[in-house]
Amino acid sequence: MNHPMLSLWLYRSEDCAALAELFYETVHTVNARDYTPLQLDAWATGEVDLDAWDRSFREHDTVIAEQDGSIVGFGDMDAAGYLDRLYVHKDCQGWGIASAICAHLESRSAAKEYITHASLTARPFFEQRGWQAVREQEVERRGVRLKNVVMHKRRPEAAEKEKI
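Note that the structure is predicted; figures quoted are calculated from it, not measured.

1. Regarding the sheet that holds strand S3 (residues 70-77)
Phase 1: Read across the sheet, 7 strands follow the order S1-S2-S3-S4-S5-S7-S6 without closing on themselves; strand pairing throughout is mixed. Taken across any chain shown, the strands that pair with only one partner, and hence form the sheet edges, are strand S1 (6-10) and strand S6 (132-141). Between one strand and the next, the sheet's axes are offset by a mean angle of 25°, whatever the strand orientation.
Phase 2: Across 7 bridges, the pairing between strand S5 (residues 113-119) and strand S7 (residues 144-154) is antiparallel. Considered in S7, the bridge of glutamate 113 is made with arginine 154.
Phase 3: Contacting strand S2 (61-67), S3 and strand S4 (82-88), helix H1 (residues 16-29) crosses the sheet at an angle of about 90° to S3.

In structure tokens form, the structure reads like this:
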């Protein structure tokens, strides 16, 4: 399938509301195959503290993916290599957008290792990118238990240095 050109840019505060909307829609559609409606509602209520998200996005390395003038995905990583959020629009799954965002964030990070708490839905994506599961865990959101997977990936240069 032919997809329009993807462009990546660094986060701007005026993008925050659009990212919150994309987050909600993605969780409630893409993740519905692995989580119950009750879990989805606890994970993404539709009410985001935009000031807190904006602050978090500005403190992290946050990249936005755009196609044809629309935001189609975003991801953010902190200075320690923790990949906090990675979401791609429900209609753009499987187009390589998450891979482009991940590659960009990984290449810009100085961390020796990357870590994320992946949803059950995202686990296969991360495994295909060379991330390894450390353990499954349950987290609580608004009194509801959700399972996710702690995953990590060694920075290629760090892994090579250890072999020598």
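2. Overview of the pairing of S7
Phase 1: Most of S7 sits out of view: 8 of its 11 residues are buried.
Phase 2: Counted along the chain from S6 to the antiparallel partner S7, the turn is 2 residues long, and its residue arginine 142 has a positive phi close to 50°.

Parameters and conventions
Residues numbered from 1 in each chain as written. Predicted model: local features only at pLDDT ≥ 70, side-chain atom pairs only at ≥ 80, totals over all residues. Heavy atoms only, no water. Pairing = 2+ DSSP bridges. Helix = DSSP H or I, 4+ residues; strand = E, 2+ residues; numbered from the N terminus. Axes fitted to C-alpha atoms, helices over the stretch in contact; angles between N-to-C directions. Contact = heavy atoms within 4.5 Å. Buried < 20%, exposed > 50% of the residue type's maximum accessible area, 1.4 Å probe, protein only.

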